[in-house]
Amino acid sequence: MNPQAKLIFTISLLLGTTITISSNHWIMAWAGLEINTLAILPLISKSHHPRAIEAATKYFLVQATASTLLLFSSMTNAWYTGQWDITQLTHPTSCLILTSAIAMKLGLVPFHFWFPEVLQGAPLTTGLLLATVMKFPPITLFFLTSHSLNPTLLTCMAILSAALGGWMGLNQTQIRKILAFSSIAHLGWMTIIISFDPKLTLLNFYIYSLMTAATFLALNSIKALKLTTLMTTWTKTPSLNAMLFLTLLSLAGLPPLTGFLPKWLIIQELTKQSMAPAATVISLLSLLGLFFYLRLAYCTTITLPPHTTNHMKQWHTNKPTHITIAILTTLSTMLLPISPLIYPLS
């Protein structure tokens, strides 16, 4: 892709995200989401492969439907209450439609079907944007309207997301699809707590973005797209593979690592809100996710003799990217001891 075009699309992404997260009016938030959608489409389809074109088409159709629902929800609320302010969403029908629209934008169950397919068709760097940056504006709208949304509905969607995200990732061999189902499961954890402590949702999203960025950049550096390719990458970059192993265990939420922090705080808050059964169920469902993360981690550190797999031999390393990966993996694995400092900051 032309560097000038890539710069324009990247600036448009930043602009769209900034407009949505800083707006008070529903029309401005909708406009920001539309700019975001239009800016990411060329980045998804830049390889001109039929699967990439298919992914871009699916993404466009789903996001256009979600934006329409969001606009319809805000107009219904304005019709009944005369308010266009995002925080003044009070009409029950508007709240229900908005929940559906944001669930579609994020890829929450039952609107999750598009996300694994789109991530599988996009390059790894674009996949990173789809899994992190593109989810920030809808999460912000969730945050701003959390007091108006139905907690029971959100809890049901969250538990279903955690269940399906873990269950459907078990049998996958494509790394991008595994990370897509991982994202759906993490969204379940973010959604279950948003009605009770919205700041915890944002903290979970920030830490999830950190760990996902480290994973995607490491995979992009070693050019691994399938589990079979991942098994032979230890000969190219053994130290990077070791750090990828720790980052994947952090994504799974194992205790000594950063990924355990949001899960710990969410379970604690749910117990305080007399929702111990929901906390128990979502904790047990996270074991499904742990299984496929352990599969990935096992494939990362296994020492198979090199054989003829279709992966790129990497003789020259890209220094700036490796510094970024080093910083991200360090943060993804070692933030738990300073958790008393992190939580007040969120």
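Keep in mind that this is a model prediction, so the values were computed, not measured.

## Looking at empty space enclosed by the protein
If you walk through the whole model with that rule in mind, you get three cavities of 30 Å³ or more. Contributing to the lining of the largest cavity are 13 residues, with Ala185, Trp189, Lys263, Ser286 and Gly289 lying nearest its centre. Here the lining of the largest cavity takes five residues from helix H14 (residues 276-301), the largest share from any one element. Broken down by class, the residue content of the lining of the largest cavity amounts to eight nonpolar, four polar and one charged.

## Side note on the environment of Leu265
Inspection of the secondary structure puts Leu265 in helix H13 (residues 260-272). The class for Leu265 is buried, based on a relative accessible area of 14%. Separated by 108 residues in sequence, Leu265 and Met157 have C-alpha atoms that sit 20 Å apart. Other than its neighbours up to four places away in sequence, Leu265 contacts Leu200, Leu203 and Tyr343.

## Overview of the domain arrangement of the protein chain
The domains assigned to the protein chain are domain 1 (1-124) and domain 2 (150-345). Placing the centre of domain 1 and that of domain 2 at their C-alpha centroids yields a distance of 24 Å. Listed per partner, the contact involves 17 residues of domain 1 and 23 residues of domain 2. Summing both partners gives a buried area of about 1800 Å² for domain 1 against domain 2, and 75% of it is carried by carbon and sulfur. Per-residue buried area on domain 1 facing domain 2 is highest for Val109, Gln120 and Leu124; these three make up 41% of the total on that side. Counting the contacts that link domain 1 with domain 2 gives one salt bridge. Across the pair Glu117 and Lys177 runs a salt bridge whose closest N-O atoms are separated by 3.4 Å. Scanning the region where domain 1 abuts domain 2 turns up five residue pairs in polar contact (both at pLDDT 80 or more). Listing elements by their share of the side of domain 1 that touches domain 2, those giving two or more residues are helix H4 (92-106) and helix H5 (114-121). A per-element tally of the side of domain 1 that touches domain 2 places H5 first, with five residues. For the side of domain 1 that touches domain 2, the class distribution of residues is 12 nonpolar, four polar and one charged.

## A few points about the layout of surface pockets
Once rolled over the atoms, a probe with the size of a water molecule shows which space is left empty. Considered as a void within the structure, the second largest pocket measures approximately 270 Å³ in volume. Lining the second largest pocket, in full, are Lys6, Thr10, Leu13, Leu14, Leu43, Lys46, Thr125, Thr126, Leu128, Leu129, Thr132 and Val133. Broken down by secondary-structure element, the contributors of at least two residues to the lining of the second largest pocket are helix H1 (3-22) and helix H6 (124-131).

Cut-offs and rules
Residues numbered from 1 in each chain as written. Predicted model: local features only at pLDDT ≥ 70, side-chain atom pairs only at ≥ 80, totals over all residues. Heavy atoms only, no water. 1 Å grid on protein atoms, 1.4 Å probe; cavity = no way out; pocket = protein on both sides within 12 Å on 5 of 7 lines; lining within 4 Å. Points joined across faces, edges and corners; volume = space filled by probe spheres on them. Helix = DSSP H or I, 4+ residues; strand = E, 2+ residues; numbered from the N terminus. Nonpolar A, V, L, I, M, F, W, Y, C, P; charged D, E, K, R; others polar. Buried < 20%, exposed > 50% of the residue type's maximum accessible area, 1.4 Å probe, protein only. Contact = heavy atoms within 4.5 Å. Domains from an automatic or database assignment. Buried area = accessible area lost by both parts, 1.4 Å probe. Salt bridge = Lys/Arg side-chain N within 4 Å of Asp/Glu carboxyl O. Polar contact = N/O pair within 3.5 Å; in protein donor to acceptor, adjacent residues only side chain to side chain.

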